[in-house]
Amino acid sequence: MKFNYDVIVIGGGHAGCEAASAAATMGAQTCLITMDMNKIGQMSCNPAVGGIAKGQIVREIDALGGKMGIVTDATAIQFRMLNRGKGPAVWSPRAQCDRGKFIWKWREELDNTPNLDIWQDQADELLVENGEAIGVKTIWGVEFRAKSIIVTAGTFLNGLMHIGRHQYPGGRTAEPAVPNFTESITRWGINFGRMKTGTPVRIDKRSIDFSKLEEQPGEEDFHQFSYMGSHRDLPQLPCWTCATNEKVHEILRSGLADSPLFNGQIQSTGPRYCPSIETKLVTFADKDHHPLFLEPEGTDTNEMYLNGFSSSMPMDIQIEAIHHIVGFENAKVYRPGYAIEYDYFDPTQLKHSLESKVVKGLFFAGQVNGTTGYEEAAGQGLVAGINAAIHCSGGEPFVMKRDESYIGVLIDDLTTKGVDEPYRMFTSRAEYRILLRQDDADARLTKKSYDLGLASQERYDWWKQKNEYIERLRNFCETTSVKPKDINDKLEALGTTPLREGCKIADLLGRPQLTLNNLAEIIPELREARDATPNRKEEVAEAVEIDIKYKGYIARERQEAEKMHRLEDIKIKGRFKYSEIHELSTEARQKLERIDPDTLSQASRIPGVSPSDINVLLVLMGR
């Protein structure tokens, strides 16, 4: 065997899988180095994909030619579209998955990817020459050489697990931590820090009294993650809701003195938006209960996940508290929850391509950049894989703007603002969220990916055909009129005001009570036009309806985005010595010097850089 490649990916988690798949699909000879080939794409915490804003990221990954959406649909055991009570800008798909089948579906995808090898081993040392990453040495003494190296090591770098006062090195339960590798990276001037995350107990479903819990069924409509994949082939299972109570809280409080989060044992910062049950207890001391969700881990297992009960409390405290949750009186636990501390690297030392500013040819993606969540990791992995492949041939890096994707927002936030806690994506982080809907990710990104050589011809042709259907149906709605005498009685039955004069179907769609589908039931010509789109007619109808209903909002947001693009066009990298510009605030000088943004727009998003600081730079540039 020869151990020379174009791209080496270290770590087989969600970031690593997407990175390896993307680089290899683009033609780069790629090797994925992972500690355990049987745990590729392991869902370390909840076996679920998507959620608020996260679901949009998965749709973007799919539109770009990534695999997370395909793998999720093939292994989904429950699907829901969250936020349906709000506008489509924040609709977010979420799926509970079969943990084991998810791993093997990813293995199937990677095993059938040309140009991709897998090597089971542990990275021990980054090899650097003349400021450029040239390879990796493993614990078995194998030296890999490559033009691009992608680090996607998740929580394994110097990982330390905690349950009460017990602590043990590990990257995940029953898996070893990775020593030395962080140090082989930081010796070249790359900054690092420590973060913390955690996971709940796993419960034997045979020991739960489900009659005392509230069932939460999934949805059975047309929605899914992949624009092209299979539509939920596995049996669909319910989730269950329950809650803590005062007795549970009392037991948990009795163990706080031994909690590593409160006795000084854990010094690093955990995720604000996914707190442990003991953190919720302290932060929200006035609450007498907290909601919990009991979720299945697969179709062929009794293991269940207690969402909302993440904990690193002593084992006996965790188990005793669980036994006082209604329905859990006789609960049997497979293993307790635990916390884990791990190393991450300062993402402000990265370019928007996710290549290091310090070491050429070295890319970082996933939790090593200070993020939390499978979806955030996978989105970064895809971008790192694309740019690592491009780096091999010396092309122009692939960078998405904030109005083009949530992945673009994520990477821009990381590289310009940095992190002081695990970063999680929300729709509120995107200033152009009506442009970044889950339904139009293919419209935004498929052509870009096809031009890169990542999205396949089949995927591109699928999008072109769908786009033709959308244009045809939208044109029909905008040009076809209806008369009051033909429709008024039916409009009143739908709870909306009758017409005084004829109007276009598109004008009717502006009414909140009316949808394209319920209008199709009362306008035969519209039903015929809708049904003339055989491939995913529901998806096409939804896209047309959203475009028409929110046309004014979409146009206004696009206009705002165009204004911001003007600042994106003003390049400032290398033009100033910020420490010498005394008209800038002290904080702005320090932040600009450290981050060294590419454009004025990026500079404007750095915390501590004020609008007046931006005006100073504009004046100095003669603008």
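Here the structure is shown first, and the text comes after it.
Below is a short write-up of the structure. Keep in mind it's a predicted model, so treat the numbers as computed, not measured.

About the criteria used
- Residues numbered from 1 in each chain as written.
- Predicted model: local features only at pLDDT ≥ 70, side-chain atom pairs only at ≥ 80, totals over all residues.
- Heavy atoms only, no water.
- Helix = DSSP H or I, 4+ residues; strand = E, 2+ residues; numbered from the N terminus.
- Rg over C-alpha atoms; globule rule 2.2 N^0.38 Å.
- Buried < 20%, exposed > 50% of the residue type's maximum accessible area, 1.4 Å probe, protein only.
- Contact = heavy atoms within 4.5 Å.
- Core = buried A, V, L, I, M, F, W, Y, C linked by side-chain atoms within 4.5 Å.
- Pairing = 2+ DSSP bridges.
- Salt bridge = Lys/Arg side-chain N within 4 Å of Asp/Glu carboxyl O.
- 1 Å grid on protein atoms, 1.4 Å probe; cavity = no way out; pocket = protein on both sides within 12 Å on 5 of 7 lines; lining within 4 Å.
- Points joined across faces, edges and corners; volume = space filled by probe spheres on them.
- Nonpolar A, V, L, I, M, F, W, Y, C, P; charged D, E, K, R; others polar.
- Expected span 1.5 Å × (residues − 1).
- Axes fitted to C-alpha atoms, helices over the stretch in contact; angles between N-to-C directions.
- Polar contact = N/O pair within 3.5 Å; in protein donor to acceptor, adjacent residues only side chain to side chain.
- Parallel < 35°, antiparallel > 145°, perpendicular 65-115°, else oblique.
- Left-handed = near helix turned anticlockwise from the far one by under 90°.
- Arc of directions from axis to C-beta.

Our focus in this paragraph is the overall build of the protein chain. Each helix and strand in the protein chain was counted, giving 21 helices and 22 strands. Against the 2.2 N^0.38 benchmark of 25 Å for 623 residues, the protein chain shows a C-alpha radius of gyration of 26 Å, consistent with a compact globule. Principal-axis analysis of the C-alpha atoms places the extent of the protein chain at approximately 80 × 70 × 55 Å. Out of the 623 residues in the protein chain, the part that is buried amounts to 58%. Long-range contacts, defined here as pairs at least 24 residues apart, represent 72% of the contacts in the protein chain between residues at least 6 apart.

A separate point is the nonpolar core. For soluble globular proteins, the rule of thumb is that nonpolar side chains tend to be buried together. By size, the foremost hydrophobic cluster in this structure holds 94 residues, and its most contacted members are Ile149, Phe181, Leu362 and Phe364. At 11 residues, the largest contribution of residues to this core is made by helix H9 (residues 374-393). For Phe181, the residues in contact, after removing those within four places along its chain, are Ile10, Ala123, Asp124, Glu125, Leu126, Val136, Val151 and Leu157. Among the nonpolar cores identified, the runner-up in size contains 26 residues, and Val482, Cys503, Ala520 and Ala541 belong to it.

Attention now moves to unusual backbone geometry. The backbone phi angle of Asn130 is positive, close to 55°, even though this residue is not glycine. Here Asn130 is to be found in the loop between strand E7 (123-129) and strand E8 (132-138). Residue Asn130 is classed as exposed on the basis of its relative accessible area of 84%.

Here we come to the pairing of E7. As judged from the 6 bridges shared by E7 and E8, these two strands associate in the antiparallel manner. The residue of E8 that forms the bridge with Ala123 is Thr138. Linking E7 back to E8 in an antiparallel pair, the connection comprises 2 residues, with Asn130 at a positive phi of about 55°.

This next bit is on the pattern of salt bridges. Under the criterion given, the structure shown has 53 salt bridges. Between Arg402 and Asp413 there is a salt bridge; the shortest N-O distance is 2.9 Å. Residue Arg402 is found in the loop between H9 and helix H10 (406-417), and its partner Asp413 is found in helix H10; the two are separated by 11 residues along the sequence. The exposure class assigned to Arg402 is buried, which follows from its relative accessible area of 6%. We note a salt bridge from Lys591 to Glu587, for which the minimum N-O separation is 3.1 Å. Placement of the pair is Lys591 and Glu587 together in helix H19 (residues 586-595), with a separation of 4 residues, close to one helical turn. By relative accessible area, which is 40% here, Glu587 ends up partly exposed. Residues joined in a network through salt bridges with shared partners are Glu60, Arg437, Asp439, Asp440, Arg444, Glu471, Arg474 and Asp547.

A separate point is empty space enclosed by the protein. A complete count under the given rule lists 4 cavities of 30 Å³ or more for this structure. Here the largest cavity is characterised by a volume of approximately 50 Å³. Taken together, His352, Val383, Val399, Met400, Ile407, Gly408 and Ile411 make up the lining of the largest cavity. No other element matches the 3 residues that H10 contributes to the lining of the largest cavity. When grouped by side-chain class, the residues that make up the lining of the largest cavity number 5 nonpolar, 2 polar and no charged.

Between its first and last C-alpha, helix H17 (residues 537-549) extends 18 Å over 13 residues, near the 18 Å set by a 1.5 Å rise per residue. Where H17 is concerned, the buried positions are Glu539, Val540, Ala541, Glu542, Ala543, Val544, Glu545, Ile546 and Ile548. Taken together, the buried residues of H17 touch helix H2 (54-63), helix H12 (457-479), helix H14 (505-509), helix H15 (516-520), helix H16 (524-530) and helix H18 (551-568).

Attention shifts here to the layout of surface pockets. For the second largest pocket, the calculated volume is near 730 Å³. Counting only elements with at least two residues in the lining of the second largest pocket, the list comes to H9 and H10. When the residues that make up the lining of the second largest pocket are grouped by side-chain class, the tally is 9 nonpolar, 9 polar and 14 charged.

Here we come to the sheet that holds strand E5 (residues 92-97). Each strand in a sheet pairs with its neighbour through backbone hydrogen bonds, running either in the same direction (parallel) or in the opposite one (antiparallel). Strand order in this open sheet of 3 strands is E3-E5-E4, and the pairing throughout is antiparallel. Since the sheet does not close on itself, it has two edges, and those belong to strand E3 (48-50) and strand E4 (76-82), each with one partner. Between one strand and the next, the sheet's axes are offset by a mean angle of 15°, whatever the strand orientation. Where E4 meets E5, 6 bridges bridge the pair, whose relative direction is antiparallel. Bridging from a neighbouring strand, Met81 pairs with Pro93 of E5. Along the sheet, helix H3 (residues 68-75) makes contact with E3, E4 and E5, crossing E4 at roughly 115°.

Attention shifts here to the side chain of Glu404. With respect to the element layout, Glu404 can be found in the loop between H9 and H10. One polar contact links the side chain of Glu404 to the main-chain amide nitrogen of Lys401, over a distance of 2.8 Å. Not counting residues within four places of it along the chain, the set of residues in contact with Glu404 comprises Val399, Leu436, Arg444, Leu445 and Lys448.

Here we take up the packing of H3 against helix H4 (residues 99-111). Packing of H3 against H4 brings their axes to within 9 Å, and their N-to-C directions diverge by 135°. Relative to H4, H3 is oriented oblique. Where H3 crosses over H4, the handedness of that crossing is right-handed. Across the interface between the two elements, Met68, Ile70, Val71, Thr72, Ala74 and Thr75 of H3 pack against Lys101, Phe102, Lys105, Trp106 and Glu109 of H4.

A separate point is the sheet that holds strand E15 (residues 239-243). Pairing in this open sheet of 6 strands is antiparallel, and the strands run E14-E15-E16-E17-E13-E18 from one edge to the other. Strands at the two margins of the open sheet, each flanked by one partner only, are strand E14 (214-216) and strand E18 (333-335). Across the sheet, the axes of successive neighbouring strands diverge by a mean angle of 35°, strand direction being ignored.

Once that is clear, we can look at helix H13 (residues 484-493). Turning to H13, its buried residues number three or more, namely Pro484, Ile487, Asn488 and Leu491. Down the axis of H13, the buried side of the element spans an arc of 125°, and every buried residue falls inside it. When the buried face of H13 is taken as reference, the exposed residues oriented beyond 90 degrees from it are Lys485, Asp489 and Ala493. For H13, the secondary structure elements touched by its buried residues are strand E21 (481-482), H14 and H15. Gly495 sits one or two residues past H13 and shows a positive phi near 85°.

What is shown is where atoms sit, not what they do.
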